[in-house]
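# Overview (structure and organization)
Spelled out from the first residue to the last, the chains are:
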Amino acid sequence: MVRTTAGTSIALVVALALGFSTPVVADELDDRKSALENEIAEVQQSMEYLDSDIAETIGTLKTYQGRLPAAQQSLADAQSRVESSAGEVEALAVRVDLAQETRNKITEELRADRQEMDETREVIGQIATEAYKNGGVPTNVSLLLGAEGVEDFTQSMDMVDQALRGQNAAMERLSEQNATNANSQARLVAVEAEITRLKEKADAALAAEQAARDTAAGEKAKVDKLVADTSSLSAKLQAQKPVIEAKLAGVEKAQQQNNADLAERQRRQLEEARKAEEARKAEEARKAAEAQKAAEAAAAAEQARLQAESQAEAQREADRRAAEETARRAAEAEAANRPAPAPVVPQVAAPVAPVAPVVPVIPEAPVQAPSGPGAFGLRAPVAGPISSGFGWRPTPVGTIDFNGTGGYMHTGIDYGVGCGTPLYAPAAGEVWYADSNVLPGAGNRIVLDHGVIGGNALATNYYHLTSYVVSVGQRVSAGQLIGYTGTTGNSNGCHLHFETMLNGTLVDPIGLF
């Protein structure tokens, strides 16, 4: 988009907001990305007529600003993952501690069980040893035969009974201890497996936590760098502000002079057209007066001719009547034998004035009513969409307005077409300008004069062309190829900037199509 002005100032907008945004979801980030791209394009468009390094700096600054919310969101997400991973590691550590406590308890129980089993085996061994020494456990008959009396037999039976009960109890206890030991061993194996699994999860969680911390550190570094870069670029632009303002003042002056020159040429055109119209009317009036005078002279001559003919006719009639009267009198005298009388003198009657012919009135030529600008029959110069319209654009909130005007006037429309798109004359006219880099920032440009129609003078401007195929003074017809669109001059991408100047003022081209 080319930005030109006529009596208005050019504003340069640069966003400087560095505040952190609240977290947003992915869809919102996508929307922001799209909106940011549009906003950056808009800011870059408004950088027309500035040096490319300044425009690039401003575009980079806007890019950094746009990245900040996403970077801050990524940092917040990474920090959230760190907290989540740290919580998981802590929970797993508690579970590992509990599992290890259970393992230690089971291990202690197994140790105690083994000790009891060893003691039980020792008792059983002692019983077995004693029985072996005595030839085995004695039967009731052997006890009866070997007893010295009833009392001795009873004592022997009690001893045998106690030995058997002790052996049975020891065997049962040993069996229970074996079962308990097997269960404890199974529990110990399960606990050991659980500990191994938990440690693996804990190791993975620790790795995830470390990765999250590394990611968070990286995201924070990005945010810190963006903030630092944004601050640096902002400071750079602030330092360049006097240079930018001087540049804008120069561009403004060149634009105003260019528009003034075009307006002056159109003023002269209109003045010449006015004088030509006055001369045409005067000539028509002169011709009409001459025609009227000639008509009046012809009418007078006709009236004189008619009057002469009337007098001649009256004389002839008088002569005829006199001759007739003379003949009558002569006949009467002859009949009376008198001498012939003197001839009768003709008496001419006063002639009757002829009706004067009507002098024709020559009508004045009809005055043509002034026609509107639409009489030029303007058509679109390229086939493509309009990417930027005509009109005032306010400076966005939170941006720098270098000229303090609150915005700038976009004095044309932009067509979003690629470089090399054919450019056609929207109406017949004459090439006023076809030059390169004469007007600051315009690049290759063409200015067509479409003359004066119905009291209106129209010229059209075309900026940033790749090339032009016409020359100054050349007459072109409507629809004739005059050049190709491009991105020369201070332009941030392929497009056509199209302006219309009507009677010395830049106006919205849409109203002229």
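The present account deals with the structure reproduced in this document. Not measured: the values here are computed from a predicted model. (Residues numbered from 1 in each chain as written. Predicted model: local features only at pLDDT ≥ 70, side-chain atom pairs only at ≥ 80, totals over all residues. Heavy atoms only, no water.)

### Examining the pattern of salt bridges
Under the definition given, this model contains 22 salt bridges. Ionic pairing is found between E271 and R274, a salt bridge with its closest N-O pair at 2.3 Å. Here E271 pairs with R274, and both are found in helix α4 (residues 150–335), just 3 residues apart, close to one helical turn. Between E283 and K287 there is a salt bridge, with its nearest N and O atoms 3.9 Å apart. Of this pair, E283 and K287 both sit in helix α4, separated by 4 residues, roughly a single helical turn. (Salt bridge = Lys/Arg side-chain N within 4 Å of Asp/Glu carboxyl O. Helix = DSSP H or I, 4+ residues; strand = E, 2+ residues; numbered from the N terminus.)

### Concerning the packing of aromatic side chains
Within the structure shown, the criterion is met by 2 aromatic pairs. Taking 5.3 Å as the distance between ring centres and 35° as the angle between the ring planes, the aromatic pair formed by Y462 and F498 counts as tilted. Of this pair, Y462 sits in strand β8 (residues 456–465) while F498 sits in strand β12 (residues 496–502), placing them 36 residues apart in sequence. By relative accessible area, Y462 is classed as buried at 0%. The class for F498 is buried, based on a relative accessible area of 0%. When the ring of F498 is compared with that of F513, the centres are 6.3 Å apart and the planes differ by 5°; the resulting orientation is stacked. (Phe/Tyr/Trp six-rings, centres within 6.5 Å; stacked < 30°, edge-to-face > 60°. Buried < 20%, exposed > 50% of the residue type's maximum accessible area, 1.4 Å probe, protein only.)

### What to know about the nonpolar core
Counting 23 residues, the largest nonpolar core has L448, Y462, I482 and L496 as the members making the most contacts within it. Secondary structure elements with two or more residues in this core: β4 (413–415), β6 (429–436), β7 (444–453), β8 and β12. In this view, L448 contacts A425, P426, E430, V431, L458, A459, T460, Y462, V476 and I482; residues no more than four positions away in its chain are not counted. V89, V96, V191 and A202 belong to the second largest nonpolar core, which has 12 residues in total. (Core = buried A, V, L, I, M, F, W, Y, C linked by side-chain atoms within 4.5 Å. Contact = heavy atoms within 4.5 Å.)

### Details of a nonpolar patch on the surface
A cluster of nonpolar side chains, I386, I510 and F513, forms an exposed patch at the surface whose accessible area comes to about 260 Å². Along the chain, F513 falls in the segment after β13 (505–507). Accessibility expressed as a relative area gives 40% for F513, which makes it partly exposed. (Patch = residues over 30% accessible without salt bridge, like charges linked within 9 Å, V, L, I, M, F, W, Y side chains within 5 Å. Areas by Shrake-Rupley, 256 points an atom, 1.4 Å probe, with all protein chains shown as cover.)

### Points about the pairing of β6
Along any regular strand, the residues point their side chains to alternate faces of the sheet. Taken together, the 2 bridges between β6 and strand β10 (residues 475–476) define a ladder with antiparallel strand orientation. Bridging from a neighbouring strand, G429 pairs with V476 of β10. (Pairing = 2+ DSSP bridges.)

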